[in-house]
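Structure at a glance
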Amino acid sequence: MMCKVKVSASSKTFNNYVLLFTFILLSFLSCGREESKIDSTIDNETDPLDNYTDWSIYRGDKKGNQYSELAQIHAANVHKLELAWQYQTGDATKKSSIQVNPIIVDGLLYISTPSLNAVALDAATGKEVWVFNSSKFNENQTVFQGRTRGVTYWSSKDGNDQRIFLFVKNRVYALEAKTGKLITSFGTNGHIDLRENLEMDINKASIEVTSPGIVYENFLIVGSRVPEGYDSTPGNIRAYDAETGDFKWVFRTIPKEGEYGFDTWQFKEGETYGGANTWSGFTVDEKRGWVFLATGSPAYDFYGGNRKGENLFGNCVLALNAKTGERIWHYQTVHHDIWDYDNPSAPILITISQGQEKKDAVVQLTKMGLVFVLDRETGEPLFPTLETPVPKSQVEGEEAWPTQPIPTKPLPLSRQGITEADLTTISPESHEHARKNFNNYMSASIYTPPSERGTITSPSVLGGVEWQGGSYDPYTNILYVNSNNVASISQLKKVYETTDSSSLTNLQLGNQIYLKNCASCHGLNRSGVPPTYPSVIHLNKTKEEIATIITNGKNIMPAFSQFTTKDLNAITDFIMSNDTVSYNEKDVLETKTRYTHTGYNLFLDQNGYPATSPPWGTLSAIDMGTGDYVWKKPLGEYPELVKQNIRNTGTLNYGGAVATAGGIVFIAATADEKFRAFEKNRGNILWEYDLPVGGYATPSVYMQNGRQYVAIVAGGGGKNNTPSGDYVMVFALPEGNDKPKETLKNTKTDSNGWISLFNGETLDGWVHMNGSHTYSVEDGAIIGRTTENSPNSFLCSLQEFENFELECEVTVDNITNQGIQFRSSVRPVTEKDQDAWRAGRVWGPQLEIRRKMGENSITTGLLYGEALGTGWLSSKEKVEKGHDYFISEGWNKIRIVADGPRIQTFVNGHLIEDLVNDEVYRTHPKGFIALQIHGINGERQFTMQWRNIKVHPIK
C-alpha cells in the first residue's frame, strides 16, 4: 500500500499547511493495489509504431509523452518556418470546434471532422485521399456535430489488415486505412454500439466518445463522455476485439456489490448513479501489458448528498490489465468530488533518469493544477503527499470528505484558492468591479465546497490543466505543460423533484428535467453562461429542431438520447414556453431534495476578462526528477488588452504542447489564435504564426520524404468562443532551407561589414540547445556556468554563415574546457543510441578553448570534430605539442577564418591551425555559431566567458 502524509491544519491556514503539520502517519485513503495478479516483469511484444518519430498514435505514442525525436526544425532555424500546405474539411458550423491531434501512418495523415467524419490526406502535400461520411451509416442517417480529438489506427501483425477506428457519438466505426471503406465484418455492419454492455436499458444510456480509444495487441479499449446531471450513465471502461468488434471485458468505475470499492459509496434506492468516466483517453505500458486511465467526477458533479463516501473509482488514476480489465492499482486524486475536478487528461508514463538509476512513473495532471507523480509499479506517490484537512460543506445533506491529497512537489500550476490580494489589477475599474463581486461570495482555499451563497473556486472548473495533458522529454526529464489560472463561481440552489411525475403538468415536468440536466450549463433562468453556453430563451428554432439538438447533442453539448418521448416533449415545450414554471412541493406526495448548480460562471470583470490577477494562462517546464520548476511563462495575450499596452496576461488555453529534440516546444491553444514555438531551455518565444482561427488542439510532428512537418488543426470555437473553422495547417522549413535574409535582434553591421552578434546586454539572437548548463549576461559578457550531470550545452546564433572571419574574446576556468563551434547544424534524426548521435545534438567543427595544463597538453586553437565522429581534426603532432599563447587569468582574442574547406585559427594574434578538410566542408558548408559549455562534474561550478563576438562574411 502507499505511504502518505496526513496533517492537522485549519482551513484558515491551508496555504501554509507544509509549515503547520504536526505529525505523520500512514494513510490508505487514496491508493490500493491488487496483489499477485500480474507479473509485471514480463516483456510483451511492443507496437513498432509506439515510438517518438512516426506520430501514428494519438498524442504521439502510447505513453502520452507528446514528444518528437525529430530535429530538422530546431531552435536556431524555426524562425524560418512557413506554411507548407493547408486543407479545409468543409463542414464547420457556427460554434463548431475540432480538437483533433492528427496521426500519420504510411504517408497518410488522418483526422476526424466537426461532423464526425474521417479524412485521409497525403501527409506531404495535403491532397485528399478519401473521406468517410459517417452520416450515411448513422442511425436515421443523422448528421452529428460534436467534439472530436482524433482517430485510432490498428494493424494486424502481418500488416494485411490496416484499420482506422472512427468514434461517432455512441458508435465506433472500422474503416479500411487505405481506402476509407467501411469494414462490415466488424461488429454489426461495421460498427459497435457503446450503449450495449453497460448492464442497463440501452434506451436510457447516453454516451459518446470524444477522445479516441487505444489499442493493445488486438484489444480496442474505449472510454466515454456521459451526462453530468442526476440522470447520468455509468462511465465503465470497455475493451473490444479490434478485428471482430466482439465485447471482451469491462471495468466498472462504479462498483457493484461484492466488488472492490463498493463500500466507499452510500447508495440510495431509487437514485441513478453515473459518471466516474474516462473521457480523456488512455496510455499503455506495452511491456507490462497495462492500460492506464484517469476518471472524472461521479454525477451529479456539484452535489453528493445522494452519494456519500469517497466514491471509488471517481477521480482515480487506474492501472488495469489490458487483456482482462482487472484492476492492478488505483490512486484517488479527489475524494468525493463536488467541484467537477475531473482528472482531465490521460496519465503520462515517464521514466525518470537520475544518473545510472531509472524509475518508471506515472504523471497525472489535474484541473486543480496539482501534479501527482506516482510509482508506475505500485501507484504510490514519489513525492510526499499530504492528506490535508479541508472545509466542511454548509449545504444540507452534503458531507464533503474531510481531507484531500496535496502533493508537496511539484508546486501547483495554478492559484490554490483566492483572497482579495489576488484580484485583478489590469485597471482601477476592473479591480473595483472584482472587489465588489468578491465580497458577494464565499472565498477561501481550494476545496471550499460550493454553497447556496456562491463560492469563488480557484482553480476554476476549466482548470488547471484540461484534456491536453503535457509533453515529456524523456532525455531531460522535463515536463512541459500549459494550464489555466482563473476562478469560477460555484453556486447551488435547492430544488425539488417529484418521484411521481404523473401529478405534474407538461411544463412542470419539463422544468424538472431542465433543472436536473441542463441548468448547470444554461443557468437556472435559461439565460445561459455566455459566451460558452448560450441562452435558450426565445430560440429561433422549431420544436423539432430543438428536440433534435437535445437528442443528438451539438458541438460541446452532449446528447440526451436517454429521454423518453414524454420527457423530450416536456422539456422541448418548457424551453419554447419561455414561462416561469413552479409548483408547491407540499402539494406533491413524494419529493426529493436536489441541489442544482446555477451555471459554469467564471469570475470575470466588467469587460469579460478574468477578475483575478494575471497570468491567466501559463506554459511551464518542470524537472520531474526534482519536482522543481525550470521556467514558467505567460501563454498568449488578449488582442484588445494588447492595444491598451496590457501585455503578457496569458489567456485561457485549450490544446497541448509538443516538445521536440530540436529544442522547441510547439503550442497553439490560446485565445489570440496564434501558433507558437518556444525555446525549450529558457521558455522564450522563437516564432509565432497567426492562424485563421484558434488552434485548440495538440500539434503533430512527423517526417515525410526527408522533410519534417508540424501540423496543427485550427477549428476555433470551443470554450474560448472564438470564430469557428475547419483548417489543417501544416508547416515546414522552406525547400532547400533557403529564405530571404532578415534582420535579427541583437545584430548590428558596421561600416566595414563586421556583424556584431552580441550587444553586451541581452541574449537576443541566440538560442540554447542541448544540456542544462546556463548562459547569462553580466558586465557586458556572456557567462556560461556548468551544472551537475549535464551533457554539453551550446548557445547558438540564429544567423548562419558560410565563409567568414570570426573574432571573439574568451576566458575559461581551470580544469574544464569550452569551445566555439562554427558552420554548425543539428542532427535531424537519431542515428545511434548515444548522446552525440541523437536527434537534436549540435554538431560541427569546433575551436577548442582550454588552458595549458602542462607540457604536451591540448591547448586553445586546435580544431575538433564535435559530435562528427572524427575526433581531432588537428594533427596528432599539434594536439600533443601545445603552445603558450593563451593567457590563463585574462581575456584572450580568438580569430577563426573559414574559407571553403580551409580553416585557420589564431590565438592572441598567433596562427595555431591552418588546415584543409574537404569532408567536413562537404557535410558542414554553412551553419550557425555555437558557444559550447563542456559537461563536467566536479566539486564546484565552473565558468567561462565570451564577449565582443563579431563576424565578417567572406564573399
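In this text the structure is predicted, and so the values were computed from the model without any measurement. (Residues numbered from 1 in each chain as written. Predicted model: local features only at pLDDT ≥ 70, side-chain atom pairs only at ≥ 80, totals over all residues. Heavy atoms only, no water.)

**Remarks on the overall build of the protein**
Within the protein, the regular secondary structure consists of nine helices and 58 strands. Over its C-alpha atoms the protein spans a radius of gyration of 30 Å, differing by no more than 12% from the 30 Å that the globule rule assigns to 955 residues. Across its three principal axes, the protein shows a C-alpha extent of roughly 105 × 65 × 60 Å. In the protein, which comprises 955 residues, the share counted as buried stands at 62%. Contacts spanning at least 24 positions in sequence make up 65% of the contacts within the protein whose residues lie at least 6 apart. In the structure as shown, the protein presents an accessible area of about 35,600 Å², 47% of it carried by carbon and sulfur atoms. (Helix = DSSP H or I, 4+ residues; strand = E, 2+ residues; numbered from the N terminus. Rg over C-alpha atoms; globule rule 2.2 N^0.38 Å. Buried < 20%, exposed > 50% of the residue type's maximum accessible area, 1.4 Å probe, protein only. Contact = heavy atoms within 4.5 Å. Areas by Shrake-Rupley, 256 points an atom, 1.4 Å probe, with all protein chains shown as cover.)

**So, the UniProt feature "domain: Cytochrome c" (unreviewed entry) in the protein**
The sites that carry the UniProt feature "domain: Cytochrome c" (unreviewed entry) are, in the present numbering, residues 505-579. For the annotated span residues 505-579, helix accounts for 52% and strand for 0% of the residues, and the straight-line distance between the end C-alpha atoms is 13 Å. (UniProt positions renumbered as here; feature names shortened; annotations may be inferred.)

**Comments concerning the state of the cysteines**
Scanning the entire structure with this criterion turns up zero disulfides. Free cysteine Cys 796: the closest other cysteine sulfur is in Cys 808, separated by 14 Å. Given the relative accessible area of 0%, Cys 796 is considered buried. (Disulfide = S-S within 2.5 Å.)

**Some words on the domain arrangement of the protein**
Domain parsing of the protein yields domain 1 (492-597) and domain 2 (755-953). Taking only C-alpha atoms, the centre of domain 1 and the centre of domain 2 are 70 Å apart. (Domains from an automatic or database assignment.)

**Looking at helix 2 (residues 428-438)**
For helix 2, the complete set of buried residues consists of Ser 430, Ala 434 and Phe 438. The arc enclosing the buried residues of helix 2, seen along the axis, measures out at 65°, which places them on a common side. Of the exposed residues in helix 2, those oriented more than 90 degrees away from the buried face are Pro 428, Glu 429 and Lys 436. For helix 2, the elements touching its buried residues are strand 26 (442-443) and strand 27 (455-457). (Arc of directions from axis to C-beta.)

**Examining the packing of helix 5 (residues 543-552) against helix 6 (residues 565-577)**
At a minimum axis distance of 10 Å, the contact between helix 5 and helix 6 shows a crossing angle of 120°. In terms of their interaxial angle, helix 5 and helix 6 are classed as oblique. Note on packing geometry: the crossing formed by helix 5 with helix 6 is right-handed. Contacts from Lys 543, Ile 546, Ala 547, Ile 550 and Thr 551 in helix 5 reach Leu 568, Asn 569, Ile 571, Thr 572, Asp 573, Ile 575 and Met 576 in helix 6. Considered class by class, the residues forming the contact of helix 5 with helix 6 number seven nonpolar, three polar and two charged. (Axes fitted to C-alpha atoms, helices over the stretch in contact; angles between N-to-C directions. Parallel < 35°, antiparallel > 145°, perpendicular 65-115°, else oblique. Left-handed = near helix turned anticlockwise from the far one by under 90°. Nonpolar A, V, L, I, M, F, W, Y, C, P; charged D, E, K, R; others polar.)

**Description of the environment of Phe 731**
Within the fold, Phe 731 resides in strand 42 (residues 722-732). Residue classification places Phe 731 among the buried positions, given a relative accessible area of 0%. Taking the C-alpha atoms as reference points, Phe 731 and Ser 68, separated by 663 residues in sequence, lie 15 Å from one another. Sequence-distant contacts of Phe 731, defined by excluding residues within four places in its chain, comprise Leu 81, Glu 82, Leu 83, Ala 84, Phe 675, Trp 687, Tyr 689, Leu 691, Gln 708, Tyr 709, Val 710 and Ile 712.

**What to know about the pattern of salt bridges**
Applying the stated rule across the entire model yields 57 salt bridges. Note that Asp 47 and Lys 62 form a salt bridge whose closest N and O atoms lie 3.1 Å from each other. With Asp 47 in the loop between strand 2 (31-33) and strand 3 (67-68) and Lys 62 in the loop between strand 2 and strand 3, this residue pair connects regions lying 15 residues apart in the sequence. Residue Lys 62 is classed as buried on the basis of its relative accessible area, which comes to 2%. In this structure, Glu 396 engages Lys 494 in a salt bridge whose closest nitrogen and oxygen atoms are separated by 2.8 Å. Highlighted residues: Glu 396 in the loop between strand 24 (385-389) and strand 25 (403-407) and Lys 494 in strand 31 (residues 492-498), separated in sequence by 98 residues. Salt bridges sharing partners connect three or more residues here, namely Asp 285, Arg 288, Asp 360, Arg 376 and Glu 377. (Salt bridge = Lys/Arg side-chain N within 4 Å of Asp/Glu carboxyl O.)

**Quick word on the packing of aromatic side chains**
Within the structure shown, the criterion is met by 40 aromatic pairs. Seen in terms of ring centroids, Tyr 230 and Tyr 300 are 4.4 Å apart; in terms of plane orientation they differ by 10°. Their pairing is stacked. Pair noted here: Tyr 230 is in the loop between strand 14 (219-222) and strand 15 (237-241) and Tyr 300 is in the loop between strand 18 (290-294) and strand 19 (316-321), with a separation of 70 residues, a long-range link. Exposure remark for Tyr 230: the relative accessible area of 3% places this residue in the buried category. Judged by its relative accessible area of 2%, Tyr 300 falls in the buried class. (Phe/Tyr/Trp six-rings, centres within 6.5 Å; stacked < 30°, edge-to-face > 60°.)

**Some details on helix 6**
In this model helix 6 runs 18 Å from its N-terminal to its C-terminal C-alpha over 13 residues, within 8% of the 18 Å that 1.5 Å per residue would give. Regarding helix 6, the residues found buried are Leu 568, Ala 570, Ile 571, Thr 572, Phe 574, Ile 575 and Ser 577. At its buried positions, helix 6 is contacted by helix 3 (506-517) and helix 5. At the C-terminal side of helix 6, Asn 578 shows a positive phi close to 60°. (Expected span 1.5 Å × (residues − 1).)

**What to know about the sheet that holds strand 50 (residues 818-826)**
The pairing of strands in a sheet comes from backbone hydrogen bonds and takes either a parallel or an antiparallel form. Here seven strands make up an open sheet; going across it, the order is 45-48-57-50-51-52-53 and the pairing antiparallel. Only two strands of the sheet have a single neighbouring strand rather than two, namely strand 45 (766-769) and strand 53 (871-872). Bridge count between strand 52 (residues 863-866) and strand 53: two bridges; the pairing is antiparallel. Directly across from Tyr 864, in strand 53, lies its bridge partner Trp 872. (Pairing = 2+ DSSP bridges.)

**Some points on the nonpolar core**
The biggest cluster of nonpolar side chains holds 70 residues, and the ones touching the most others in it are Val 78, Leu 109, Phe 666, Phe 675, Tyr 702 and Cys 796. Dropping the residues within four chain positions of it, Phe 666 is found in contact with Ile 73, Val 78, Leu 81, Gly 656, Ala 657, Val 658, Thr 660, Phe 675, Arg 676, Ala 677, Pro 699 and Val 710. Counting residues in hydrophobic clusters, the runner-up holds 41 residues, among them Ile 755, Leu 873, Ile 896 and Ile 929. (Core = buried A, V, L, I, M, F, W, Y, C linked by side-chain atoms within 4.5 Å.)

**Comments concerning the sheet that holds strand 33 (residues 601-602)**
Strand order in the open sheet formed by four strands is 26-27-30-33, and the pairing between neighbours is mixed. In this open sheet, the two strands that pair with only one neighbour each are strand 26 and strand 33. For strand 27 and strand 30 (residues 488-490), the ladder comprises three bridges, and the chain directions are antiparallel. When the sheet's bridge partners are listed, Ile 456 is paired in strand 30 with Ile 489.

**Some thoughts on the side chain of Asn 170**
With respect to the helices and strands, the residue Asn 170 is situated in the loop between strand 10 (162-168) and strand 11 (171-176). Contact partners of Asn 170, with chain neighbours within four places excluded, come to Ile 192, Asp 193, Leu 194, Arg 195, Ile 207 and Glu 208.

**Overview of the packing of helix 3 against helix 6**
The N-to-C vectors of helix 3 and helix 6 enclose an angle of 95°; their axes lie 7 Å apart at closest approach. With respect to each other, helix 3 and helix 6 are oriented roughly perpendicular. Contacts between helix 3 and helix 6 involve Asn 506, Leu 507, Leu 509, Gly 510, Asn 511, Ile 513 and Tyr 514 on the former and, on the latter, Lys 566, Asp 567, Asn 569, Ala 570, Ile 571, Asp 573, Phe 574 and Ser 577. In the contact of helix 3 with helix 6, the residues fall into seven nonpolar, five polar and three charged.

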